[in-house]
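Understanding the architecture of this molecule
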Amino acid sequence: MQAASHIWSDGELIPWDDATVHFLSHGLQYGTGVFEGIRVYGTPDGPAVFRLAEHMERLVGSAAAYGFAKSWSAEELTDGCLQLLRRTELESAYIRPMIFYAEGNIGLFPTDNVLRSMIAAFQMGPYLGHGSDKGIRAMVSSWRRISHNSLIPTAKGSGGYLNSMLAKQEALRSGYDEAILLNEHGSLSEGSGMNLFVVAGGNVHTPPVSAGILEGITRNSVMELLAGDGVATQETDLARGSLYTVDEIFLTGTAIEVAPVVEIDGRVVGDGKPGPVTRRVQDLYGDALVGKLDEFRHWLTYV
Ligand code: PMP
C-alpha cells in the first residue's frame, strides 16, 4: 500500500502516520466496524469519485443495520472524503471509509466506547493484476456465505469479512484466483468481495438479495448500463451446476471492476475467453467511470 499524506479522522485531516488505534479497540477485538470501498478515477475533467453518495449512504446504512450509535451523516462523510482528496491530490485512488467502535469497554454492548470514523485514500492498481482483461480462474468455495440468520449480509460489517478471507485463502491455496460462495441453502451467492453474473442464451442473471449477497454498487451500475442497452438483468436463484453450462460468467465490484471468469472448478467457461456480453459490460463500465456516457455522468463527483 502506498501511503498518502493525510487521513480524515472524525472531521480532521491528520498525517497518515498519526492514524492509530489502541490494541483494545472494540472494532479490532470483535470486528465491530462497518466500511466501504470506493474508487476515484482520473478523467479528462480531473479526478472523479464513482457513486460517492451511494457508497456513503450504504456505509451509514450498514452502521444503522448493526445498531451503532449515530455518528456522521452520509453528506458529512461525502464532504470529508472530498476534503481529503483535495488535500492528498491523488489523481486516482481507492478510498476506504470506516466507522468503528474504539476504546472503552471490553464487553459486547459497546455503548460507552468511542465511535470513530475515518476515511483513507491511497493509490491502488487493478485488484487481480491483468486478470480482469484475460479472465480469471475461480472455484466454488467449500465455505458458505454469511447468512441472513447469523449476520447481515446486506451490510458491510468488518467481522463478516473473516468469511471472505477463508474463501479467498482456500481459492488461492488451491491455485485459483477467486472464490464463488454458495449460501446456506446451496444456491449461488457471490464472490469473496464481488457480485456474480451469468449469461445463458442471451439472458443475464444475477443472484437476488435473498441469496445473501451484498447489494453491490457495481452490480447496480452494470444492471443500469445493460438496461440502457435494452437488456434486463434477471435476479434469479441459481444452482451451482448452472455455472458449468452457462455461456459467460463475470464478477463485479469496486475493486475488481468487471472481471470475466474463464474457468470454473477446472471447467472452461464458453470458449475460454471473455464473452461478448462481458466485454460489452466492461466497455460500458469503463466509459461510465471516466464520464464518457452522458446519461450516467451523474454517477461521478468531480473532486
Ligand atoms: N460483495 C461483497 C461481500 C463485497 O465486499 C463487495 C465489495 N464492496 C461486493 C460484493 C461488491 O460491491 P460493490 O460493487 O459495491 O463494490
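Now for a look at the structure at hand. All values reported here derive from a predicted model rather than from experimental measurement. (Residues numbered from 1 in each chain as written. Predicted model: local features only at pLDDT ≥ 70, side-chain atom pairs only at ≥ 80, totals over all residues. Heavy atoms only, no water.)

Quick word on the packing of aromatic side chains
A ring pair, where both rings are aromatic, is described by two values, the distance of the centres and the angle of the planes. The condition that has to hold: Pairing of aromatic rings covers Phe, Tyr and Trp, the last through its six-membered ring, and needs centres within 6.5 Å; plane angles under 30 degrees mean stacked, over 60 mean edge-to-face, and all others mean tilted. Here a strand is any run of E in DSSP of at least two residues, a helix any run of H or I of at least four, and the numbering for each starts at the N terminus. Three labels apply to residues, based on accessible area from a 1.4 Å probe with only protein chains included: buried if under 20% of the type maximum, exposed if over 50%, partly exposed otherwise in between.
Under the defined criterion, the tally for this structure stands at nine aromatic pairs. Ring geometry for Trp8 and Trp72: centres 5.2 Å apart, planes at 70°, overall edge-to-face. Taken as a pair, Trp8 in strand β1 (residues 6-9) and Trp72 in the loop between α2 (52-65) and α3 (74-88) lie far apart in primary sequence, 64 residues in all. In this structure Trp8 comes out as buried when scored by relative accessible area, which is 2%.

Topic: the nonpolar core
Note the cut-off: Within this scheme, the nonpolar core is defined by two criteria: the residues are buried Ala, Val, Leu, Ile, Met, Phe, Trp, Tyr or Cys, and they are joined through side-chain atoms within 4.5 Å. Residue contacts follow a heavy-atom distance rule, with two residues in contact if any of their heavy atoms lie within 4.5 Å.
The biggest cluster of nonpolar side chains holds 35 residues, and the ones touching the most others in it are Val49, Met56, Ile95, Ile99 and Ile119. Looking at this core, the elements that each hand over two or more residues are β1, β4 (38-41), α2, α3, β6 (93-101) and β7 (115-122). In contact with Ile99, other than residues within four places in its own chain, are Thr32, Gly33, Val34, Leu59, Ala63, Phe68, Ser71, Leu77, Leu115, Arg116 and Ser117. Judged by nonpolar contacts, the second largest core, of 21 residues, contains Tyr41, Met223, Val281 and Trp299.

A look at helix α5 (residues 161-173)
Rule in force here: Between the first and last residue of a helix there are one fewer steps than residues, each counted as 1.5 Å, and that sum is the expected span.
Between the first and last C-alpha of α5 there are 18 Å, a value that for 13 residues agrees with the 18 Å anticipated at 1.5 Å per step. Residues of α5 that are buried in the fold lie against β8 (136-144) and β9 (178-182). Of the residues trailing α5, Gly175 is marked for its positive phi of about 90°.

Brief notes about a negative patch on the surface
For clarity, the threshold we go by: The residues that make up patches have over 30% relative accessible area and no salt bridge, and they are joined within 9 Å when like-charged or within 5 Å when they are Val, Leu, Ile, Met, Phe, Trp or Tyr. Only the protein chains shown count as cover for residues, with accessible areas throughout obtained via the Shrake-Rupley method and a probe of 1.4 Å. Every case where a carboxyl oxygen of Asp or Glu lies within 4 Å of a side-chain nitrogen of Lys or Arg is listed as a salt bridge. None of His or the chain ends enter the tally, which takes Lys and Arg as positive and Asp and Glu as negative. Where a charge lies is defined by one atom per residue type, namely NZ (Lys), CZ (Arg), CG (Asp) and CD (Glu).
A cluster of acidic residues, Glu57, Glu75, Glu76 and Asp79, forms a negative patch on the protein surface. Locating Glu57 in the fold gives a position in helix α2.

Observations concerning the site of the ligand
To be explicit about the condition: Any residue with a heavy atom lying within 4 Å of a molecule or strand is counted as near it. Definition of a polar contact: a pair of N or O atoms within 3.5 Å, with one able to donate and the other able to accept a hydrogen when the atoms are protein atoms, and with sequence-neighbouring residues admitted only if both atoms are side-chain atoms. Each residue is assigned to one class: nonpolar for Ala, Val, Leu, Ile, Met, Phe, Trp, Tyr, Cys and Pro, charged for Asp, Glu, Lys and Arg, and polar for all the others, Gly among them.
In the neighbourhood of the ligand, 17 residues make up the surrounding shell, with Lys156, Tyr161, Ile217, Thr218 and Thr254 lying closest. Between the ligand and Thr218, the relevant distance is 2.5 Å, taken from an oxygen atom to a side-chain nitrogen or oxygen of the residue. Within the contact set of the ligand, an oxygen atom lies 2.6 Å away from a side-chain nitrogen or oxygen of Thr254. Taking 380 Å² as the accessible area of the ligand by itself, protein coverage stands at 96%. Elements supplying a minimum of two residues to the shell around the ligand: α2, α6 (217-228) and β14 (248-253). Within the shell around the ligand, the residues separate by chemical class into four nonpolar, nine polar and four charged.

Here we look at the packing of α6 against helix α7 (residues 276-289)
Counted only if it meets this: Fitted lines through C-alpha atoms give the axes, limited to the stretch in contact for helices. The angle between two N-to-C directions lies from 0 to 180 degrees. Throughout, the term roughly parallel applies to angles under 35 degrees, roughly antiparallel to angles over 145, roughly perpendicular to angles from 65 to 115, and oblique to all others.
Contact geometry for α6 and α7: axes closest at 10 Å, N-to-C directions at 105°. As judged from the angle between their axes, α6 and α7 are roughly perpendicular. The residues of α7 that touch α6, namely those facing Thr218, Ser221, Val222, Leu225 and Leu226, are Val281, Leu284, Tyr285 and Ala288. Along the lines of polarity and charge, the residues of the contact of α6 with α7 split into seven nonpolar, two polar and no charged.

Description of unusual backbone geometry
Its identity as a non-glycine residue notwithstanding, Asp10 has a phi of 45°, on the positive side. Structurally, the position occupied by Asp10 is in the loop between β1 and β2 (12-15). The class for Asp10 is partly exposed, based on a relative accessible area of 27%. In this model, Arg51 sits at a positive phi of 50°, which is unusual for a non-glycine residue. One can find Arg51 in the loop between β5 (48-50) and α2.

Quick word on the pattern of salt bridges
Considering all chains together, one arrives at 11 salt bridges under this definition. For Glu54, the salt bridge goes to Arg51, with nearest N and O atoms at 3.1 Å. Using a relative accessible area of 27% as the deciding quantity, one classes Glu54 as partly exposed.

Section: the pairing of strand β12 (residues 203-206)
Which entries qualify depends on this criterion: When DSSP finds two or more bridges between a pair of strands, those strands are recorded as paired.
Here three bridges tie strand β11 (residues 195-200) to β12, and the two strands are oriented antiparallel to one another. What sits directly across from Val198, in β12, is His205. As consecutive antiparallel partners, β11 and β12 are separated by two residues, and within that stretch Gly201 has a phi angle of approximately 55°, a positive value. Pairing of β12 with strand β13 (residues 234-235) involves two bridges; the strand directions are parallel. Along β13, the bridge assignment pairs His205 with Gln234.

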